[in-house]
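# Residue-level structural notes
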Amino acid sequence: NINCTVPLMWLVGLIFKFALVNQGYPIKKLCIPPESRCILPVISTDVPYPGYVANLTSRIFSVGFSSWLDNLVVVDSEVDILDTGDVFEEMMVRTHPLRDIHVSPRITPLSAIAYFATEEEKKRAYGCNLTLDCTTPPHWKEEDRPQRVDFENSYSKELQNWVLDNWKDLGF
């Protein structure tokens, strides 16, 4: 069996990204990970001004394509959105529970893929959308930003070099 979902979502994501970039949004990448059942787009973008993510998501959820979206994750442009581990880390480290989780009112059109919808919501065809703003607030200083927890950022260059030089000797 050939799974056409991933190529189809890639094509839709490419078209969607192109449309937003043409409207002036500084989007770097858009990915719809297959691990999310192809329903959770992740956008990496620069954040040029406060309120930008709200502006971007309002635009996204106001177009016809949003009938296939319930959720959206927005991350900083340097995040590798093809690595779901990096995206998950951003969701945990940069999302403030009160400030960065946005749920639309229950008056938005119900998406075609709303698995969570109640019978009442399906009957009335209304639902809601969720946006996770995992971007760094523009006013934060560099030293206030959470540090990525990985080999390159968590250990000194000397220790990294020693581990890499002794990798085989260590049995790996």
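As a reminder, the structure under discussion sits directly above these lines.
Below, the structure is looked at part by part. In this convention, every chain numbers its residues from 1, walking through the sequence in written order. The model is predicted, so local features are restricted to residues of pLDDT at least 70 and side-chain atom pairs to those at 80 or more, both for listing and for counting; the totals for chains, interfaces and linings are taken over all residues. Heavy atoms throughout the structure, all of them, feed into the side-chain values; hydrogens and water do not.

### A closer look at the packing of aromatic side chains
Paired rings are identified among Phe, Tyr and Trp, the last through its six-membered ring, by centres lying within 6.5 Å, and are further divided according to the angle between planes into stacked (under 30 degrees), edge-to-face (over 60) and tilted (the rest). Inspection of every chain in the model, using the stated rule, returns four aromatic pairs. Taken together, the ring pairs connect Tyr25, Tyr49 and Tyr52 into an aromatic cluster.

### Focus on the pairing of strand β3 (residues 71–76)
Throughout, exposure labels follow a simple rule: accessible area from a 1.4 Å probe, protein chains only, divided by the maximum for the residue type, with under 20% read as buried, over 50% as exposed, and the rest as partly exposed. Put simply, DSSP marks the helices as runs of H or I at least four residues long and the strands as runs of E at least two long, and each gets a number from the N terminus on. Burial analysis of β3 places five of its six residues in the buried class, which makes it a mostly covered element. Pairing geometry for strand β2 (residues 42–45) and β3, over four bridges, is parallel. Its bridge partner being in β3, Ser44 is matched across the sheet by Val75. Alignment of β3 against strand β7 (residues 130–134), held across five bridges, turns out to be parallel. Bridging across to β7, Asn71 finds its partner in Leu130. Each pair of strands is called paired provided DSSP finds at least two bridges between the two strands.

### Description of the pattern of salt bridges
We define a salt bridge as a contact between a side-chain nitrogen of Lys or Arg and a carboxyl oxygen of Asp or Glu at a distance within 4 Å. Enumeration over the complete set of coordinates arrives at four salt bridges. Of the charged contacts in the structure, one is a salt bridge between Asp46 and Lys28, with a shortest N-O distance of 3.3 Å. Of this pair, Asp46 sits in the loop between β2 and α2 (52–61) while Lys28 sits in strand β1 (residues 27–31), and the two are 18 residues apart along the sequence. Take Asp46: its relative accessible area is 32%, and that puts it in the partly exposed class. With a relative accessible area of 42%, Lys28 lands in the partly exposed category. By sharing partners, the salt bridges in this structure join Asp76, Glu90 and Arg94 into a single network.

### Some thoughts on the nonpolar core
To define a nonpolar core, start from buried Ala, Val, Leu, Ile, Met, Phe, Trp, Tyr and Cys residues and group those joined through side-chain atoms within 4.5 Å. Core analysis: the largest hydrophobic core is formed by 16 residues, its most contacted members being Leu20, Ile27, Ile43, Tyr52, Leu56 and Ile60. Only α1 (5–22), β1, α2 and β3 provide two or more residues apiece to this core. Broken down by element, the residue count for this core peaks at five residues, all from α2. Excluding anything up to four places from it in sequence, Tyr52 contacts Tyr25, Pro26, Ile27, Thr45, Asp46 and Val47. Counting residues in each nonpolar core, the second largest holds ten residues, with Val42, Val87, Met91 and Cys134 among its members. By the convention used here, residues are in contact when the closest approach between their heavy atoms is within 4.5 Å.

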